[in-house]
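Structure at a glance
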Amino acid sequence: YYSLHGRIMSQRLQDKVALITGGASGIGRECALKFAVEGASVVVADLNPERAAAVVDEAIAEGGQAIGIGVDISQPEEVSSMIKGAVENFGRIDVCVAAAGISHAAYVSREPDEQATADRYDKGDMLLLNKSLESWQRVIDVNLTGVMLTNQAVANQMIKTGGGAIVNIASVAARTALMGSSDYCVSKAGVWMLTKCGAIELARHNIRVNAVGPGYIRTSMSGAATNSEAWVTARTRETPLRRLGEPSDIANACLYLCSDESSFVTGEIIFPDGGIMADSRA
């Protein structure tokens, strides 16, 4: 419990079980830690189980309960095992943040200080004219199909316990085209439409489905770009609030959508983007 203006209030996710995919880094990690502080038992699911375990240790140090699970969300059998592991440990799943994703086919999540030197890929493969089917399919498999498989498996579990809340991580790229990122933009636009479809289909089961569309955020995924002063200057200039976002900015939006404070909100997308969407023609 904590005090606010003299009132004693419960933590916003007290006694809830939260599943976070992509929970070992960036937005997913921030959600896992914030949700643990807010009273949730947290399942940190990630392709990298060692890094997930490190986040688990951080969450426990904050006074929360947490476990780590290794998962490739593009593989149905691994998603099923993830759900089984969560339920075996905590008995249920009340909220889910589907944060696992990649910026391009060759992306591999690393520590922020390693990402700038490790994020090397064939830039010729980025443009639509030369993009290989293999690269295109990899981004769609992780960013869209993986989110669908996560939503499907989580929703089937939530139905058994009376409902819940799902938040999918989309992007401003769901609404705005980015040069050299056709696969990423299409995948995130798909996540937004999947969210709306899920919201109307799952409402009868007391499951809310919403999305968050980050703008330019300082994460390990953007490590190579944010190490470029010219890139940071250009993106800051494009953002009306004149700064890049932090993972906590996105985690705060996810917390709202996963809590009872948003109990009448479903099928929506929130853009914590510093004003990019308001200032665009999208």
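Below, the structure is looked at part by part. Only a predicted model underlies this, so the values are computations on that prediction, with no experimental measurement involved.

Conventions used here
Residues numbered from 1 in each chain as written. Predicted model: local features only at pLDDT ≥ 70, side-chain atom pairs only at ≥ 80, totals over all residues. Heavy atoms only, no water. Helix = DSSP H or I, 4+ residues; strand = E, 2+ residues; numbered from the N terminus. Buried < 20%, exposed > 50% of the residue type's maximum accessible area, 1.4 Å probe, protein only. Areas by Shrake-Rupley, 256 points an atom, 1.4 Å probe, with all protein chains shown as cover. Pairing = 2+ DSSP bridges. Core = buried A, V, L, I, M, F, W, Y, C linked by side-chain atoms within 4.5 Å. Contact = heavy atoms within 4.5 Å. Salt bridge = Lys/Arg side-chain N within 4 Å of Asp/Glu carboxyl O. Axes fitted to C-alpha atoms, helices over the stretch in contact; angles between N-to-C directions. Left-handed = near helix turned anticlockwise from the far one by under 90°. Nonpolar A, V, L, I, M, F, W, Y, C, P; charged D, E, K, R; others polar.

A separate point is the overall build of the protein. Helices and strands together make up the secondary structure of the protein, namely nine helices and nine strands. Burial statistics for the protein: of 282 residues in total, 51% are counted as buried. Here the protein displays about 13,400 Å² of accessible surface, and carbon together with sulfur accounts for 52% of that area.

Another aspect to go through is the sheet that holds strand β8 (residues 207-212). The strand order across the open sheet formed by seven strands is β5-β4-β3-β6-β7-β8-β9, and the pairing between neighbours is parallel. Each edge of the open sheet is held by one strand with a lone partner, namely β5 (65-70) and β9 (269-270). Bridge count for strand β4 (residues 41-46) against β5 is six bridges, and the pairing is parallel. Note that in β5 the partner of V43 across the bridge is I67.

Our focus in this paragraph is unusual backbone geometry. With a phi close to 70 degrees, D15 is a non-glycine residue in the positive phi region. Along the chain, D15 turns up in the loop between β2 (7-9) and β3 (17-21).

Turning our attention to the nonpolar core. Ranked by size, the top nonpolar core spans 34 residues in total, and within it F35, V42, V97 and C254 carry the most contacts. Here the element with the most residues in this core is helix α9 (residues 247-258); it accounts for seven residues. Those residues in contact with F35 that sit more than four places away from it in its chain are L13, A18, I20, A40, V42, V95, V97, A251, C254, L255 and C258. The next biggest cluster of nonpolar side chains, apart from the first, holds 30 residues, and it includes V43, F90, A155 and A199.

What follows covers the pattern of salt bridges. Scanning the entire structure with this criterion turns up seven salt bridges. Between K131 and D183 there is a salt bridge, with the nearest N and O atoms lying 3.1 Å from each other. A residue pair is termed long-range when its members are at least 10 positions apart, and K131 in the loop between α4 (112-118) and α5 (133-160) and D183 in helix α6 (residues 182-202) qualify at 52 residues. You'll find K131 and D183 in the same group, each marked buried.

On to the packing of helix α3 (residues 76-90) against α5, then. The contact between α3 and α5 brings their axes to 10 Å, and the two run at 35 degrees. Regarding α3 and α5, the two cross each other, and that crossing is right-handed. Within the contact between the two elements, α3 uses P76, V79, M82, I83 and V87 and α5 uses L149, T150, A153, V154 and Q157. The class makeup of the residues in the contact of α3 with α5 is eight nonpolar, two polar and no charged.

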